[in-house]
Amino acid sequence: MSSPCRQLSLLTGAWRRKRRGAASLSAACVHWRTFCSSAAEPDPIETHRTRLFQWFSHLPHEEKQFGGYFTPETMHVDPLILERKPEERAGLVCSPLQNRTPSGPSVTVQQLFEPGNASDNDRGLNVLLYGAVGTGKSTVVRKLVLDWCAGTTLSQFKLLVPFSCEDLSQLTKATSLRDLVSRKYLHLKKIPLLSGEGNQAKDVLFLFNGMEKMNLDFRIGSTELCSDPNEALPPGVVVVNLLRKYLLPEASVLVTTRLSALDRIPQKYVSCYAQICGFNDPDRQRAYFTGRLLQQTGDGAEHHEAQALIELLYLNLQRESQLAAACFLPSYCWLTCATLHFLHFTNTQAPIRTLTGIYTSFLRLNFGGEVLGTGAGTGVPIQEHQSSLMLYVVRTVGKLAFDGVTHKRTSFSEEELEQWIGGKTKTDEELRQLAMFRTDVLDFFLAPCVKRSAALAGVLSENDEQRYVFAVPAMQEYLAALYVVLGENKSALEKMTKQVSIAIGSAGEDVNALITILSKFIPLRIFAVFNLLKLFPKLYEKIVSHNKGSIARTMAAEMFRTEDSHNEDVLDQVEQSLLGVHGPQPQQHSEGQPFELYPIFMGGLLHYGNRVLLQQLGCTIKSTTVVQITRTLRKYLVRELSKPQPPEELMDLLVLLYEFQNPRLTAEVLSSIRSIRLSDIRMTPLKCFVLNSVLSCAPASYQLEELNLSSCHLTHNMLQMLSPAFNHARHLNLQFNSLGPESCVLLRDLLLDPKSSVRSLQLCDNPLLESGALTLLEALPVNRSLRHLSLMHTGLGDSGALQLAVTLQQQSGLEELNVAYNNIGDNAALALVDACREHPSIHTLHLYLNPLSDVGKQSLYVRGVPKSHSSSGRRVRVLASVTEGSDLSEDWHPILSVIRENISSWDRERVTQQLKVFLRDLEWGRQQQQSVWKRLHFRRVEKGVRQTLQMLERNATHSK
């Protein structure tokens, strides 16, 4: 074959091979596309389950109050659900304190959709689930959807399609059912279950949550009939036809709504009524508290503390307290858990939380987006006449709360409720709104009074009246504060000036033009009136500014009421309202109790974060209002703090500054405070966090003369939270707490800090022990600021005293040292006295209540002046006994004073033995005296010692 022919043959063969390869490659591509297509098109229902689970697993921001450790599965507790007959559908379930036995067995949503409940097997069921605000409708819906996604409930339905009626009410464009579903759930766009063919829709369950937000109209003349899922209609008409069973009659529908909207769906279109009744017994409540409070505590100390809190809560609920009546609503169980978590599990790593923020979040959870619109049958869309439900609450219930706080009352009669809640309503629309509010919301805030006075201890007679109280006492003070800060307590003059000011402001240039024309024809006297009207806006601003100043004056006056000065601080009062009072009941009537949270809530409501939440609820607090109140409040707080305040009132002030979250105001107020005395306040991690947060607002140069935290139940963990605040204190008093050796590491670091200016450190009656004392002593050679150190009754011992004597040789600056009541013997005491007498600045050493012999005590006083400074003649005061040999000690009175102050906390036998030794020394010394005056002086001191012994015996008798 010739060369050209061979080349042509090769080219032809290559072309054929290439064509066969391309054909095989094309076939492979077709097969790959088919495989990819089948793999890329998952089951739309499974996609729907996955995405629904992701959407409904998302928790509201308010759940971060608990640290974000919770899921709906772990914290859900089923509320009581009762199936109702049509004739009793509007019947309310009484409080569990009034009726312990429900009117029927509890059912689940799964049981409501059982096949036996359907009268016609060809039609799906329409279930209407209703309940008042706070009973748990939204929580039940969330858990229901999650359980369906997991396949644990309602498994007879292949498809669950949930809708928010609030979203549907915002849609204005007509749309078909198929498009409505695909608009919310794109992956269900072509699903055959919604095609309307055959009876496929029997496997579908529609869920419409919050039906009261839609104005459904079942009249034929208003909503046309439609059986085509592809026909475009307004959303309300689509929902009506689903409920009529004209559109997809085989599908089932679950509707949730509030009590006031029950009659919007005619009875003939409802297969079953079911009412959510909340938690009707303490066991459900306890299960809720356990799920909330035990989830994140682990197995440590916090876990045991949470268990103790749950036990106290359960005891309070079993006593049929007012708290049990409030926790009938799951929403108040949430508020109780959030408050207890805030009070007991605050730490420095958690985000800033305030009590005002918890109550504001609580109201946003329950009333966020809620409006008070027109009722059904008015012919007017709800959106055109809607007002904030929360603002309506403030103007009615808040007005009642404010009146109660003003007149120091916590309970109200039915006549008072009618006066403040009903008011002088005139129009039909106002009456309709009031009826809706009474049905849905009023019982959320007010509950029948559980506690009876002595006169009402028996059965109520015909003449007796039922009293009502706020479900949670603090809610009355919160709503009263919100009522005031929003400016709803305006006088008639203020309201009139606002209306005129707005009218003139809206007229603007037209008013000026009119006045210019009329001035040519109107007499001067009448024209002056028009000029006054032009000035009205400025007059109004002056009146408003005066009103904001009065709010600040009210806050300051309520903070420092003299009759409230001996009450427990507000945080303890809040805790007692939740956990109850165990042991002897305080002699305090509920009607006369102080409202100390009221001014604190007013301050907290001015914080920007709370104002943002309130803005979402339709309650606007303007920035100008905050500035005016803050400016006046600072002036009044500074003036009041110039007077000494009891520890409880001072703690309340710190809480107010913390709730305010205004660093500038806090720094300005702190500038007028030179000492913080919180002795005998039961400190908690939260109170320590509050104190540290407030002091952190002060500049680094700010110094307190005294920070007194004696007898405050401080622990090592609390000391860690407080350690940054100690740098601001010159005199730090930590005596009578529970600080152990590990706390001495923090105190040593404090003394080693170059920024520390602590001049006096009092640690008496803390179990530091020898190891802790030795750790603390490591800082003495370096520290230059410390002048007074008290280690009385800390377990120092002989070894610690000897080490202290060695350490003093390397330290300069200390002036007074107290090591009394430390089990120090003669040799260690003498070594310590020698070290002090050689020290350049120590002038006083406390050694009383140590097991010193008579010879040892005598040796303490006969020691001469320091060896290296014998010419100076300086002498160290050694307080070891009320006598010095045969003479009285000049320091006998300070010794007895210290013993009397601590007599209740010290070992009774040890103190009794020491006092008897004092009496023996006094008797021997008196016998050595020749002077009558000296003998009388000895008698006087003996009398003081015997009185101290009698105090000790009385304390022993009372303790038994």
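Because the structure is predicted, anything quoted here is derived from the model rather than measured.

This brings us to the environment of Arg910. Tracing the backbone shows Arg910 in helix α37 (residues 908–927). For Arg910, the residues in contact, after removing those within four places along its chain, are Tyr821, Asn823, Leu849, Asn850 and Pro851.

This paragraph deals with the side chain of Arg49. Relative to the assigned elements, Arg49 resides in helix α2 (residues 44–57). Looking at Arg49, the relative accessible area reads 17%, which means it is buried. A polar side-chain atom of Arg49 sits 2.6 Å from the main-chain carbonyl oxygen of Trp148. Residues within four places of Arg49 in sequence aside, it is in contact with Trp148, Cys149, Gly151, Phe157 and Lys158.

It is worth spelling out helix α33 (residues 797–808) at this point. An ideal rise of 1.5 Å per residue puts 16 Å on 12 residues; α33 measures up with 17 Å between its terminal C-alpha atoms. Along α33, the residues classified as buried are Gly797, Gly800, Ala801, Leu804, Ala805, Thr807 and Leu808. On an axial view of α33, the arc spanned by its buried residues comes to 165°, and they lie on one face. Here the buried face of α33 lies against α32 (769–777), β17 (816–818) and α34 (826–838).

With that settled, consider the pattern of salt bridges. Per the stated rule, a full pass over the model turns up 29 salt bridges. We note a salt bridge from Glu705 to Arg730, for which the minimum N-O separation is 2.9 Å. You can see Glu705 sitting in strand β13 (residues 704–708) and its partner Arg730 sitting in strand β14 (residues 729–733), a full 25 residues away along the chain. Its relative accessible area of 37% is what places Glu705 among the partly exposed residues. On the accessibility criterion, Arg730 (27% relative accessible area) is partly exposed. For Arg748, the salt bridge identified is with Glu778, shortest N-O distance 3.0 Å. In this pair, Arg748 sits in helix α31 (residues 743–752) while Glu778 sits in the loop between α32 and β16 (788–790), placing the two residues 30 residues apart along the sequence. Take Arg748: its relative accessible area is 19%, and that puts it in the buried class.

In this section: the sheet that holds strand β18 (residues 844–846). What the eight strands build is an open sheet, ordered β12-β13-β14-β15-β16-β17-β18-β19; its pairing is parallel. Strands with a single pairing partner mark the edges of an open sheet, and in this sheet they are β12 (675–677) and β19 (877–879). Neighbouring strand axes in the sheet, compared pairwise and without regard to direction, differ in orientation by 10° on average. Here β18 pairs with β19 via three bridges, running parallel. Residue pairing in the sheet places Leu845 in a bridge with Val878 of β19.

What follows concerns the pairing of strand β2 (residues 126–130). In terms of burial, β2 is a largely internal element, five of the five residues being buried. Of the two faces of β2, the one holding Asn126, Leu128 and Tyr130 and the one holding Val127 and Leu129 are both buried throughout. Note: β2 against strand β5 (residues 252–257), five bridges, orientation parallel. The residue bridging Leu128 from the neighbouring strand is Val255, located in β5. Relative to strand β6 (residues 272–276), β2 runs parallel, the two being bridged by four bridges. If you follow Leu129 over to β6, its bridge partner there is Ala274.

In this section: helix α29 (residues 685–695). Where burial is concerned, most of α29 is hidden: 10 out of the 11 residues are buried. Buried residues of α29: Leu686, Lys687, Cys688, Phe689, Val690, Leu691, Asn692, Ser693, Val694 and Leu695, and no others.

Further remarks concern the packing of aromatic side chains. Applying the stated rule across the entire model yields 22 aromatic pairs. When the centroid spacing of 5.7 Å and the interplanar angle of 10° are considered together, the rings of Phe367 and Phe445 count as stacked. Taken together, the residues Phe367 in helix α13 (residues 355–367) and Phe445 in helix α17 (residues 442–445) connect sequence positions 78 residues apart. Judged on exposure class, the residue Phe367 and its partner Phe445 are both buried.

So, on to the nonpolar core. Judged by nonpolar contacts, the single largest core of 175 residues is most densely connected at Tyr332, Phe445, Met475 and Leu734. If near-sequence neighbours (up to four positions away) are discounted, Tyr332 is found in contact with Ala326, Cys327, Phe362, Phe444, Phe445, Ala471, Val472 and Met475. Grouped together as the second largest cluster of nonpolar side chains are 69 residues, Phe163, Val237, Leu248 and Cys272 included.

Our focus in this paragraph is empty space enclosed by the protein. Applying the stated criterion to the full structure yields seven cavities of 30 Å³ or more. Its boundaries defined by the atoms lining it, the second largest cavity holds a volume of some 60 Å³. Leu343, His344, Leu571, Asp572, Glu575, Arg682, Thr684, Leu686 and Lys687 are the residues that line the second largest cavity. If you list the elements that add at least two residues to the lining of the second largest cavity, you get α12 (330–344), α23 (570–579) and α29.

Looking at the secondary structure, you find Val240 in helix α8 (residues 235–244). When its relative accessible area of 0% is taken as the criterion, Val240 is described as buried. In the structure, Val240 is positioned 17 residues away from Thr223 in sequence and 7.7 Å away in space, judged by C-alpha atoms. Discounting chain neighbours no more than four positions away, the residues touching Val240 are Leu216, Asp217, Phe218 and Thr223.

Now for the confidence of the model for the protein chain. The predicted model of the protein chain has a mean per-residue pLDDT of 79, with 77% of residues at 70 or higher. Confidence drops under a pLDDT of 50 for residues 14–39, and excluding neighbours within four residues, the segment shows zero contacts in the predicted structure. Below a pLDDT of 50 lies the segment residues 92–101, which in the model reaches 25 contacts outside its immediate sequence neighbourhood of four places, other chains included.

The subject of this paragraph is the packing of helix α27 (residues 647–660) against α29. Contact pair α27 / α29: the axes reach a minimum separation of 9 Å and the direction vectors enclose 65°. Comparing the axis directions of α27 and α29 gives the class roughly perpendicular. Between α27 and α29 lies a crossing of left-handed hand. Of α29, the residues touching α27 (which contributes Met651, Leu654, Val655, Leu657 and Tyr658) are Lys687, Phe689, Val690, Leu691, Ser693 and Val694. When the residues that make up the contact of α27 with α29 are grouped by side-chain class, the tally is nine nonpolar, one polar and one charged.

One open sheet accounts for three strands, arranged β9-β11-β10; its pairing is antiparallel. This sheet does not close on itself; its edge strands, each paired only once, are β9 (411–412) and β10 (446–448). Two strands pair when backbone bridges link them, and β10 and strand β11 (residues 468–470) are joined in this way by three bridges, in the antiparallel orientation. In the strand pairing of β11, Ala447 is matched with Val469.

A cluster of nonpolar side chains, namely Ile220, Leu225 and Tyr246, defines an oily patch on the protein surface of about 300 Å² accessible area. Leu225 sits in the partly exposed class, given a relative accessible area of 41%.

Excluding glycine, a negative phi dihedral is what most residues carry, and trans is how most peptide bonds are arranged. Non-glycine residue Lys408 carries a positive phi angle of around 55°. Within the secondary structure, Lys408 sits in the loop between α14 (389–406) and β9. Here Asp680, not a glycine, exhibits a phi torsion of approximately 70°, which is positive. Assignment of secondary structure puts Asp680 in the loop between β12 and α29. Overall, Asp680 belongs to the exposed group, its relative accessible area being 57%.

It is worth spelling out the packing of helix α9 (residues 282–293) against helix α10 (residues 301–318) at this point. One way to put it is that α9 packs onto α10 with a least axis distance of 10 Å and a crossing angle of 160°. Judged on the interaxial angle alone, α10 and α9 are roughly antiparallel. Relative to α10, the crossing made by α9 is right-handed. Here Pro282, Asp283, Gln285, Arg286, Phe289, Thr290 and Leu293 of α9 lie close against α10, whose contacting residues are Ala306, Ile310, Glu311, Leu313, Tyr314 and Leu317.

Here we come to the pairing of strand β4 (residues 204–209). Across the six residues of β4, five count as buried, placing the element largely inside the fold. Where strand β3 (residues 159–164) lies against β4, six bridges are found, and the strand directions are parallel. Paired with Ser164 across the two strands is Asn209, which belongs to β4. Where β4 meets β5, five bridges bridge the pair, whose relative direction is parallel. Among the inter-strand pairings, Leu205 is bridged to a residue of β5, identified as Ser252.

Criteria and thresholds
- Residues numbered from 1 in each chain as written.
- Predicted model: local features only at pLDDT ≥ 70, side-chain atom pairs only at ≥ 80, totals over all residues.
- Heavy atoms only, no water.
- Helix = DSSP H or I, 4+ residues; strand = E, 2+ residues; numbered from the N terminus.
- Contact = heavy atoms within 4.5 Å.
- Buried < 20%, exposed > 50% of the residue type's maximum accessible area, 1.4 Å probe, protein only.
- Polar contact = N/O pair within 3.5 Å; in protein donor to acceptor, adjacent residues only side chain to side chain.
- Expected span 1.5 Å × (residues − 1).
- Arc of directions from axis to C-beta.
- Salt bridge = Lys/Arg side-chain N within 4 Å of Asp/Glu carboxyl O.
- Pairing = 2+ DSSP bridges.
- Axes fitted to C-alpha atoms, helices over the stretch in contact; angles between N-to-C directions.
- Phe/Tyr/Trp six-rings, centres within 6.5 Å; stacked < 30°, edge-to-face > 60°.
- Core = buried A, V, L, I, M, F, W, Y, C linked by side-chain atoms within 4.5 Å.
- 1 Å grid on protein atoms, 1.4 Å probe; cavity = no way out; pocket = protein on both sides within 12 Å on 5 of 7 lines; lining within 4 Å.
- Points joined across faces, edges and corners; volume = space filled by probe spheres on them.
- pLDDT = per-residue confidence, 0-100.
- Parallel < 35°, antiparallel > 145°, perpendicular 65-115°, else oblique.
- Left-handed = near helix turned anticlockwise from the far one by under 90°.
- Nonpolar A, V, L, I, M, F, W, Y, C, P; charged D, E, K, R; others polar.
- Patch = residues over 30% accessible without salt bridge, like charges linked within 9 Å, V, L, I, M, F, W, Y side chains within 5 Å.
- Areas by Shrake-Rupley, 256 points an atom, 1.4 Å probe, with all protein chains shown as cover.

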